[in-house]
Amino acid sequence: MKKKNCGSSLDFKETASTLRAVDRLEIISLQDNMVEYLCTTDRENVLTADKWVQVDKGEDLVLPMAEHGFSMLIRTWAGEQEHAVLFDTGQSENSVIANAEVMKLDLREVEAVVLSHGHSDHWGGIAGILRKLESKNIPFVVHPDVFKIRGMKENKKIIKFTPFPAKEQLESLGAQVIEHKTPLFLAEDTILVMGEVPQVTEFEHGFSTGLVKKEGKWEPESQMADDRGIVIHVKDKGLIVITGCAHSGLVNNMEYARELTLQKYPIYAVLGGFHLAGSEYEQWITATVEAVKSFNPSFVIPSHCTGWKAMYRFAQEMPQAFVHPGTGNLYRFFSS
């Protein structure tokens, strides 16, 4: 795939009503919490890495690495135009790079990087990836809040998170840092990065143990304004919603995707981290699963921070839509 410049597609537009439908969409899981090759699926849209690497590349696969991190390579095709955008960069500096290599992928095709939010399991690989891209001024899309000093409260103790790199450091590595709070188009209007996600559900209460440092003091920060996902419209099918951790709420993200596209299209697939693991969040599982069922998506792919209990419930309640996640999985969606 030839690398293309994002160009004017980075300009802000007030509405997503003109989101361009794609003829084909591929999403490759470069980093997830597990590697799974033994689970079977009859979904032709889903291939584990051992299948698609051998078929497409004609080579045997060295198993990729799993870790507590998240990264997706998103490729869109609309007419003659092809684009590639990286959504999050995993936890450690070289894991995504190593996984891309064993999958025979050339990350230099990436024309923009999008960060879902400011936790290090989503940006930890950014320095290594920017060096690998060998590009100057590659768009790196972030919310301004990622530069905050953050932590969390656990068992009455405060745990300080790894600080996000300074803007100057990112620029020295070749990033063109683009800070935005509002919806933003990439890839010639085929990929929509959400703006700040409105809180509309009664049961999703954000990152309840989150803290932010202000004027030298730790303060609660349950609502993470920087947490937002990506929306893509597959022609004749509907919307694909990709979340990083969904700290702003999985259902809130799905509702916002519909709102941004003026309620024109159904949600065809939702995938990514749903953040339903841990005692603070498992209490939302039942309400979340019921709400997701009301959207009637054809694919539900819970990964990363979703947790086993929530995955099991989605598999129970939505067996036709549920897909087991895994590092190296290729998800393919085509127009009719």
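Residues numbered from 1 in each chain as written. Predicted model: local features only at pLDDT ≥ 70, side-chain atom pairs only at ≥ 80, totals over all residues. Heavy atoms only, no water.

### As for the overall build of the protein chain
For the protein chain, the helix and strand inventory stands at nine helices and 18 strands. The C-alpha atoms of the protein chain give 18 Å as radius of gyration, which agrees with the globular expectation for 336 residues (20 Å, within 12%). The C-alpha extent of the protein chain, read off along each of the three principal axes, is 55 × 50 × 40 Å. Considering only residue pairs separated by 6 or more positions, the protein chain has 79% of its internal contacts joining residues 24 or more positions apart. (Helix = DSSP H or I, 4+ residues; strand = E, 2+ residues; numbered from the N terminus. Rg over C-alpha atoms; globule rule 2.2 N^0.38 Å. Contact = heavy atoms within 4.5 Å.)

### Focus on helix α2 (residues 95-102)
The buried count for α2 comes to six of eight residues, which makes it a mostly enclosed element. Looking only at α2, the buried set comprises Ser-95, Val-96, Ile-97, Asn-99, Ala-100 and Val-102. Lys-104 sits one or two positions beyond α2 and adopts a positive phi of about 60°. (Buried < 20%, exposed > 50% of the residue type's maximum accessible area, 1.4 Å probe, protein only.)

### Digging into the environment of Phe-140
Checked against the element boundaries, Phe-140 lands in strand β6 (residues 138-142). For Phe-140 and Gly-174, which are 34 residues apart along the polypeptide, the C-alpha to C-alpha distance reads 9.5 Å. Other than its neighbours up to four places away in sequence, Phe-140 contacts Val-113, Leu-115, Ile-126, Phe-164, Leu-170, Ala-175, Gln-176, Val-177 and Ile-178.

### Observations regarding the side chain of Ser-303
Within the secondary structure, Ser-303 is located in strand β17 (residues 299-303). Given a relative accessible area of 1%, Ser-303 falls into the buried group.

### Looking at helix α4 (residues 126-133)
Within α4, six of the eight residues are buried, which leaves the element mostly enclosed by the surrounding structure. Phi turns positive one or two residues past the end of α4, at Glu-134, with a value near 50°.

### Let's talk about unusual backbone geometry
In the Ramachandran plot, Lys-104 falls in the positive-phi region, its phi being about 60° despite a non-glycine side chain. Within the secondary structure layout, Lys-104 lies in the loop between α2 and β5 (112-114).

### A look at the pattern of salt bridges
Under the definition given, this model contains 18 salt bridges. A salt bridge links Asp-23 to Lys-235, with the shortest nitrogen-to-oxygen separation between them at 2.8 Å. With a gap of 212 residues between them, Asp-23 in the segment before β1 (24-31) and Lys-235 in the loop between β14 (230-234) and β15 (238-243) connect regions that are remote in the sequence. The exposure class of Asp-23 is partly exposed, given its relative accessible area of 25%. (Salt bridge = Lys/Arg side-chain N within 4 Å of Asp/Glu carboxyl O.)

### Observations concerning the sheet that holds strand β3 (residues 71-78)
Strand pairing in a sheet relies on backbone hydrogen bonds, with the paired strands running either antiparallel or parallel. Strand order in the open sheet made by the eight strands is β2-β18-β1-β3-β4-β5-β6-β9, with mixed pairing throughout. Single-partner strands in this sheet number two, and they are β2 (46-47) and β9 (175-179). Here α2 sits on the sheet in contact with β1 and β3, set at roughly 125° to β1. The sheet strands contacting α4 are β4 (81-87), β5, β6 and β9, and the helix crosses β6 at an angle near 160°. (Pairing = 2+ DSSP bridges. Axes fitted to C-alpha atoms, helices over the stretch in contact; angles between N-to-C directions.)

### Observations regarding the pairing of β14
Most of β14 sits out of view: five of its five residues are buried. Side chains Ile-230, Ile-232 and Val-234 of β14 all project onto a buried face; the interleaved residues Val-231 and His-233 project onto the opposite face, where all are buried too. The pairing of strand β11 (residues 191-193) with β14 spans two bridges and is classified as antiparallel. Across the sheet, residue Val-193 finds its bridge partner in β14, namely Ile-230. The pairing of β14 with β15 spans five bridges and is antiparallel. In the strand pairing of β15, Ile-232 is matched with Ile-240. Linking two consecutive strands that pair antiparallel, namely β14 and β15, is a turn of three residues; a positive phi of about 70° is found at Asp-236 within it.

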